[in-house]
Amino acid sequence: MILAVPPGIGTADAIILYSGPRAAFDLHEPVLRSLAEATTYLGGDHTLSALHDMAVLGLMWGVLNGFLHGAALLGAAGVDPAGFVPLVRQGIGIVTDWLPGYAQQIAEGTYPALDATLDTHRAAMEHLAQESESRGADADLPRFIQALADRALAVGRGGDGYTAMIEQFRKPSGSRS
């Protein structure tokens, strides 16, 4: 399966993700790279391209919903969302820089509290939800994230770092405790 990620095949920003027979990828790799320099072979399982797409869409919606919630919260105080964008870009850059370390922690199954414990994050989540409610903004998104953290705390993850939340995402809906 070939997945082409916008914007635009043939541009410097194009991405092609290929999953399926390696021999077919090897045969057509030069053509694929002419369409997108960022062409990646993901493995023989033909579903991996679509699965990567779903994972990126989940990330995209998480970032966009976080921005929309923040814009609504600040909008309740009369802040123009355009003024919020530079701070958001900086914040996303900081979080992006954490991802390699988080990926390593997930792979190793260890969740050190290098910046803050999950208990500390949980307290900030409560503050965000309360501030949202007090400003008249919807608090469902922060309350949902807080509920995930509460599940992690209930199984003793309070002293771990934020990456311990992966254990909540690994559980199928309806089987969480």
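The rules we used
- Residues numbered from 1 in each chain as written.
- Predicted model: local features only at pLDDT ≥ 70, side-chain atom pairs only at ≥ 80, totals over all residues.
- Heavy atoms only, no water.
- Helix = DSSP H or I, 4+ residues; strand = E, 2+ residues; numbered from the N terminus.
- Buried < 20%, exposed > 50% of the residue type's maximum accessible area, 1.4 Å probe, protein only.
- Polar contact = N/O pair within 3.5 Å; in protein donor to acceptor, adjacent residues only side chain to side chain.
- Patch = residues over 30% accessible without salt bridge, like charges linked within 9 Å, V, L, I, M, F, W, Y side chains within 5 Å.
- Areas by Shrake-Rupley, 256 points an atom, 1.4 Å probe, with all protein chains shown as cover.
- Salt bridge = Lys/Arg side-chain N within 4 Å of Asp/Glu carboxyl O.
- Pairing = 2+ DSSP bridges.
- Right-handed = clockwise from strand over helix to strand, strands pointing away.
- 1 Å grid on protein atoms, 1.4 Å probe; cavity = no way out; pocket = protein on both sides within 12 Å on 5 of 7 lines; lining within 4 Å.
- Points joined across faces, edges and corners; volume = space filled by probe spheres on them.
- Nonpolar A, V, L, I, M, F, W, Y, C, P; charged D, E, K, R; others polar.
- Phe/Tyr/Trp six-rings, centres within 6.5 Å; stacked < 30°, edge-to-face > 60°.
- Lys NZ or Arg CZ within 6 Å of the ring centre and 35° of its normal.
- Axes fitted to C-alpha atoms, helices over the stretch in contact; angles between N-to-C directions.
- Parallel < 35°, antiparallel > 145°, perpendicular 65-115°, else oblique.
- Left-handed = near helix turned anticlockwise from the far one by under 90°.
- Contact = heavy atoms within 4.5 Å.

Peer 1: Give a detailed account of the side chain of Ser 49, specifying residues and quantitative values.
Peer 2: By secondary structure assignment, the location of Ser 49 is in helix α2 (residues 48-75). Relative accessible area serves as the criterion here: at 0%, Ser 49 is assigned to the buried category. At 3.1 Å, the side chain of Ser 49 forms a polar contact with the backbone oxygen of Leu 17.

Peer 1: I'd like to hear about a nonpolar patch on the surface, residue by residue, with values.
Peer 2: A surface patch of nonpolar side chains, about 340 Å² in accessible area, is lined by Ile 94, Val 95, Trp 98 and Leu 99. Tracing the backbone through its elements, the reader meets Val 95 in helix α3 (residues 81-108).

Peer 1: Which residues make up the pattern of salt bridges, and what values do they have?
Peer 2: By the definition in use, this model includes nine salt bridges. Residue Glu 29 is joined to Arg 33 by a salt bridge in which the shortest nitrogen-to-oxygen separation is 2.8 Å. With a gap of four residues between them, Glu 29 and Arg 33 both fall in helix α1 (residues 22-35), about one helical turn apart. According to the relative accessible area criterion, Arg 33 is partly exposed, its value standing at 36%. Where Arg 170 meets Glu 167, a salt bridge forms, and the shortest distance between an N and an O atom there is 3.1 Å. For Arg 170, a relative accessible area of 47% gives the class partly exposed. Ionic contacts of the salt-bridge type, sharing partners, join the residues Arg 122, Glu 126, Glu 133, Arg 143 and Asp 150 into one network.

Peer 1: Run through the pairing of strand β2 (residues 15-19), naming residues and quoting values.
Peer 2: Counting buried positions along β2 yields four of five residues, so the element is predominantly enclosed. The pairing of β2 with strand β3 (residues 38-43) spans five bridges and is classified as parallel. Of the residues in β3, the one forming a bridge with Ile 15 is Ala 38. Considered for its hand, the β-α-β crossover made up of β2, α1 and β3 is right-handed.

Peer 1: Kindly report on the layout of surface pockets, identifying the contributing residues and their values.
Peer 2: Of the volumes computed, that of the largest pocket is approximately 2100 Å³. Lining the largest pocket are 44 residues, and of these Gly 62, Val 63, Val 95, Ile 145 and Tyr 162 lie nearest its centre. Broken down by secondary-structure element, the contributors of at least two residues to the lining of the largest pocket are α2, α3, α4 (118-135), α5 (140-154) and α6 (166-169). It is α2 that provides the largest number of residues to the lining of the largest pocket, a total of 17 residues. Partitioning the lining of the largest pocket into residue classes produces 33 nonpolar, 10 polar and one charged.

Peer 1: How would you summarise the packing of aromatic side chains if you had to cite specific residues and measurements?
Peer 2: All told, the structure shown has five aromatic pairs when counted by the stated rule. Ring geometry for Phe 25 versus Tyr 41: centroids 5.2 Å apart, planes at 40 degrees, classification tilted. Placement of Phe 25 in helix α1 and of Tyr 41 in strand β3 is noted, with a sequence separation of 16 residues between them. For Phe 25, a relative accessible area of 2% corresponds to the buried category. Connected via pairs of aromatic rings, a cluster forms that spans Tyr 18, Phe 25 and Tyr 41. In this structure, Arg 22 packs its charged tip against the face of Tyr 41, placed 4.4 Å from the ring centre.

Peer 1: Lay out the packing of α4 against α5 with the relevant residues and their values.
Peer 2: Two elements in contact, α4 and α5, have axes whose closest approach is 9 Å; the angle formed by their N-to-C orientations is 155 degrees. Considering the angle they form, α4 stands roughly antiparallel to α5. Every pair of crossing elements has a handedness; the one defined by α4 and α5 is left-handed. Here Leu 118, Asp 119, Arg 122, Met 125, Glu 126, Leu 128, Ala 129, Gln 130, Ser 132 and Glu 133 of α4 come into contact with α5, specifically with Pro 142, Arg 143, Ile 145, Gln 146, Ala 149, Asp 150, Ala 152 and Leu 153. For the contact of α4 with α5, a count of residues per class yields nine nonpolar, three polar and six charged.

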